Every structure is written in C-alpha cells, then in structure tokens.
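One-letter residues, chain by chain:
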Amino acid sequence: MSGGTGHLPYSMRDVDGGGAYNNAKFRHRSRLKMATQALFTNSSKYQCGKFTVGKFLSLLMVSGIIYLLVHKSSDGFVSGELHDKVENRHTKKGSPKIRTFWRKPPRLPPQLPPNEIYKNNSLLLQSPQSEWTSRQKKVKEAFEHAWSGYRNYAMGYDELMPLSRRGVDGLGGLGATVVDSLDTAIIMGSDDVVSEASKWIEDNLMKKLSEKGQVNLFETTIRVLGGLLSAYHLSGGDKARGADSGVPVTSKRANPERLLEVSKDLADRLLLAFTSSPTAIPLSDVVLRDRTAHAAPDGLSSTSEATTLQLEYSYLSTISGDPKYDLEAMKVLEHMRKLPTVEGLVPIYINPSSGQFSGENIRLGSRGDSYYEYLLKVWVQQEKYRNTSLKYLFEMYTEAMRGVKHLLVRKTIPNGLVFVGELPYGRNSGFSPKMDHLVCFLPGTLALGATKGITKKNALENHLLTAEDIENLQLAEDLAKTCVEMYFVTSTGLAPEIAYFHIEGNSEGGPDGGNKSSQYINDIIIKPLDRHNLLRPETVESLFVLYRITEDPKYREWGWQIFQAFEKYTKVDSGGYTSLDDVTSLPPPRRDKMETFFLGETLKYLYLLFGESNILPLDKYVFNTEAHPLPIIESAEQISQSV
C-alpha cells in the first residue's frame, strides 16, 4: 500500500517498543552497579584497615540503599488497589514521611506499563479466574446500583438525572433505560431487574407507542427495538438459534411473545421513515402516534444513522417471517454501494430527498462511525450470503479500512501513539488531528473483521489470516492502546469526549489531561469544551472484543482500571452514576445525567470482558451498535421453517 503525501502507510510505521520501560530499567541497573562498587570499596578497606563504628554504619547504609533499589526494580508495576493503600497511608495526618523520600509518588490514576511487561510477567498471565469472577461480580453490583437509582427516581422515563433524583425524557418518552437494560440484566442474571423491567414493558410500552410523538429513527431502532429483540432471543423466543448464547437460564424471564408483539408494532411505525422517503435513504424522524415521518429541519440525515439499522430489521424479519423489514432496511446499503467514495470513505451527511452526500466532511467519529461498523456486521450476521449476495458489504468495508490507513491514520510526537484523524473539508484540504471517543469502536471492529470472531491463535493455526488481516489486527491493538491512554492521561482516569493529538508539522496546541506522570502528557491535547465524559462504552467495547480474540490479559487489566475510575468519580450514593463535566480536574464537576448506554453497553461490555469466553461467543453473535447481541443467522429458508 503506497503512502499519501507527507506520511507513510500504516504498515510501514514503527510500533512503540516500550522505550520508557527500558530506560527506567537501565537507570535502575546503573544505580545498582554504583552501589555495588561502593560496597566493594568499603569491604576492601575493612580487610586492610581497622574496623570502626563509622565504617560499620556506612556499610549498613549502603546495604539499605541496595535493598531499596533491588526491591523497587523487581516490583514492576503496582496495582491500583496497592497504589491507593500506599497513598492513603502516607497522607494521613501525622504519619511518618521517611518512606516517601525513597519512592516516586504513585500515578493518579495508575497507568499500566507498555505491552512488553505483560508478555514477560508470569504473575499477570497466571491471574486466577476467581479474581476475575470477583471483579465481574462488582460490575453486576454496579449495574444493580445504577438500576436502583433509575427505578427509585425515574422509572418509565428515558433517563435518570441522578443528582437531582428525577427522570427526563430525551429519547421520545419510551422508557429507553428500561428497554436498553433488560438484556444486560438477563446476561448478568439480575433476576429482580429482569422482573421489574419486563413487567414495565409488558404493562406500558405498547400504550406509549400509540400515544407518544416524535422519535429519532436511529436512536429508537438501536436502543428500543434492538433491546426488545435481544431480550426476546435471550428469553428463549428464538428456539432455533438460542442454544449458542451460553447465558444461564434464570427463574426470572421476560415474556418472549409479548416482546415480539411490541417489536413488530414499533417497527411498523418506524418503517414509515423508509416508505415515506423519495429515495432509499430514510427520513430521520417519525411521529409514532400519527404514523408519519419527516426529515430533520435542515433536510439532512446523518450517514451513520441512515446506515445503522439493518441488523435489527433483518433479525425481525428472521423471527417474524415477514420480509418487509429486511427489504426496506437493506435498500439503504444497496443504494450506498452506488455512491462515490473517497477510497471507501464517505461524508457524514446524506440528503434523503436526493439520495446524495452533502458536504465533504469525513470522519469516523459522530455521524460517521457506525456506517463502517455495520458494513462488516451486517455481512457477519448473514452467514449464508457472505460470499454471494452480500459479498459487496465486506468489499466496501475492506476498501474503507484501506482508506482509513492511507488517509486518516497518523502517529503522535513525541511518543508515537497511533490515532485516527479527520478530513473536515475532504481529502484535498487540511488534516485535523482530532479523534472523538466514539472512534474507539474501531479497534474492536478491525479485530472482528480480521478473524471473524474466532481467536487469533485458532485463525493462525488454521491459516485463515491474510497479511492484511494481520496488519488490521495490529492496527486494532495500537488504536486500543491510544484509546486507553486517553483515559490514563487525565487526572480522573476517565477519557474526554474528544481529544486532539500533537503531530509533526501541526501547530495544534492546548491544555493537557492533568496527569503529569503520564508518559503521553505531551502527545494528547484536551480542549476546555471537550473535557466531559458521558459514561461512553466504545473503549471497553474494543477491550472486550480484543481480549476475546487475542486472549491478552492486558485488555482485562485496562478495563478494570477504567471501571475503578467510574466507581470512584461517577457513582452517586443515592443510586445511579453521573456524567462528568471535566475529567482533567479533581474533584471533577458532575453533569446530572446517566445515559441509557451506561447500563445497556458500558457495564455489559465490562461484565463480558471479565467473564468466560463461551458467553455470547463472537463467532455466533453480533452486537448491534447499542451492544444488543443478536444471533448470526444462516438463511431466510431456515427462518420461515423455524417460526
């Protein structure tokens, strides 16, 4: 692959080899050598001359220094819990200060060392599963705490405002948190939540569909319809495809027949966005009670929103036996294949009136992200048609990823973090070193595209990976590290909504993340308006997928550190978790909102990351962009026979 003007293609760039760790190790060895020489000198004098109290004390002091140096260099990294204990012990009033003279202050939050340490650290590789089971239980407790706040103060509303302890409708008033949370509760075995959520849906949701007004097609499809369909499957409604989930059957289960009934009613109303449009591109908004649809005020649709609907409608056709849902949704992707692209990349706006792109802004962040995700995932979902009628989707995905590597991937200075930037005015204008947290979905998507859900080890043993697959998997791992460093570079250990990166020849400047001990403090820029954290899932989503595929324990460790930061700074005692206004300051100012995706995605992915890999295996399930797992389906013929 040839490089673009002024930069090398991704495959030709250096990968960070852990230089900071090697330099630190060299410094420890140098100090140890000096101390040993001093000890040898003193020993020689002792043999040649008279032994005195002063010499004895000198020998004792040198021995102590050697012990401290050896102890420090052999410890490796210190876990987050141990850092907190050390910090608390030495900051108590009146506590002795002598030990603090000998050790560096702990990181806030602690940052894991480079990848090389993981490969050589047998303690990490031998971490007992019981420890991860315990950590998984803590995620379940966090989910139940989040639900308790919602249930007590906002039941039936779309979202909880945990600080003011009330509910708010920002997604059309369909109780989005209830539906988004149900399959998470089923997966975790949270019986009480399953019972409460499913009862509310059975008693209220159908009525709300007939009474409520305007909703966004995309948000309602991925959160509400996706949540209903996933819960239907996990509750045993889809018997033909339900044997592979690995999710334990609990005593509390939702009523799958009712879930399917509500799903069809909702989808029938949402389908007006497709059938009312003059082109294959659906209108952005639907008025549920009137069964009407209209475009956004500016007449445009987000490219990601129009193209991130197919998994849900295809699966609904599968379980209902009615092909109309799949036919309407797939018209969008069939239309997209006819439009011009920039090396597979597309602008973030599209006009449903003309069916053409609007503007030249190209990015994998907001309004662009899940278009690329669904090119792959729709292809993955329809297993029987991967090499026939849907082959074009994987070809479009492959071309787009080549375009990403050629046009959007860069490395930071001074430390070489790999990131994905933007082309705000098209390929012939300036490159922007800006990356939304939303882009952190990409490592997981790249890994899934490389191995199709099986482990890297199995794929290599069976010679299933091409050179391009291996390159994409390496890019996935490099981008995941960058996404994690966006967390660890801040004072709170939580990522901002948007980051900018310092690159050669770009004058972009601004404040850092606040964690002055981070190796990447000069690589990552966080501007004042971008410092908020909305409890987003994209990074932990990619950690989950990469752990499943690479089986590298560092992804679990990173996920655990992120979870601890959520617990420390966003948990609200009265119930729920809150967003933050500024992740770079301590204590961080809070923003009074708990997004539905915290329960539907963030905590679900963390729970699965710490669990066994036979739960919702990636070669049997595909997760929609709201983390609702749907089974991979084999053929339309099987669909009709199993209904």
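Residues numbered from 1 in each chain as written. Predicted model: local features only at pLDDT ≥ 70, side-chain atom pairs only at ≥ 80, totals over all residues. Heavy atoms only, no water.

The name an unreviewed UniProt entry gives the chain is alpha-1,2-Mannosidase, with Oryza meyeriana var. granulata as the organism. Taken directly from UniProt, the Sequence similarities (unreviewed entry) text for the chain runs: "Belongs to the glycosyl hydrolase 47 family." Of the chain, the UniProt comment under Pathway (unreviewed entry) reads exactly: "Protein modification; protein glycosylation." (UniProt positions renumbered as here; feature names shortened; annotations may be inferred.)

*Asks:* Give me the lowdown on the sheet that holds strand S6 (residues 301-302), citing residues and values where you can.
*Replies:* Taken together, three strands build an open sheet; the order of strands is S6-S7-S8 and the sheet is antiparallel. Either end of the sheet is taken by a strand with one partner, and the two such strands are S6 and strand S8 (357-358). Bridge analysis of S6 against strand S7 (residues 349-350) gives two bridges, and the strand direction is antiparallel. When the sheet's bridge partners are listed, Ser301 is paired in S7 with Ile350. (Pairing = 2+ DSSP bridges. Helix = DSSP H or I, 4+ residues; strand = E, 2+ residues; numbered from the N terminus.)

*Asks:* An account of empty space enclosed by the protein is needed here, citing residue identities and associated values.
*Replies:* For the structure on display, the rule yields two cavities of 30 Å³ or more. Within this model, the largest cavity holds a volume of roughly 120 Å³. Lining the largest cavity we find 13 residues, and of these Lys377, Leu448, Glu541, Val545 and Phe623 sit closest to its centre. Secondary structure elements with two or more residues in the lining of the largest cavity: helix H18 (442-451), helix H21 (538-550) and strand S16 (621-623). (1 Å grid on protein atoms, 1.4 Å probe; cavity = no way out; pocket = protein on both sides within 12 Å on 5 of 7 lines; lining within 4 Å. Points joined across faces, edges and corners; volume = space filled by probe spheres on them.)

*Asks:* Which residues make up unusual backbone geometry, and what are the values?
*Replies:* Backbone torsion omega between Ile413 and Pro414 reads 10°, so that peptide bond is classified as cis. The topology assignment puts Pro414 in the loop between strand S9 (409-411) and strand S10 (418-420). Of note, the amide linkage connecting Leu586 to Pro587 takes the cis form, showing an omega dihedral of -10°. With respect to the helices and strands, Pro587 occurs in the loop between strand S14 (579-580) and strand S15 (590-591). Of note in the backbone geometry, Arg291 takes a positive phi value of approximately 55° without being a glycine. On the secondary structure map, Arg291 appears in the loop between strand S4 (285-287) and strand S5 (292-294). One non-glycine residue with positive phi stands out, namely Leu535, at about 70°. Within the element layout of this structure, Leu535 appears in the loop between strand S13 (524-525) and H21.

*Asks:* I'd like a rundown of the UniProt feature "binding site: Ca(2+)" (unreviewed entry) in the chain, residues and numbers included.
*Replies:* With numbering matched to this structure, UniProt assigns "binding site: Ca(2+)" (unreviewed entry) to Thr625. If you trace the backbone, Thr625 turns up in the loop between S16 and strand S17 (629-631). The residues contacting Thr625, other than those within four sequence positions of it, are Phe218, Ile222, Thr308, Ser370, Glu373, Tyr374 and Glu601. One polar contact links Thr625 to Glu373, side chain to side chain, over a distance of 2.9 Å. (Contact = heavy atoms within 4.5 Å. Polar contact = N/O pair within 3.5 Å; in protein donor to acceptor, adjacent residues only side chain to side chain.)

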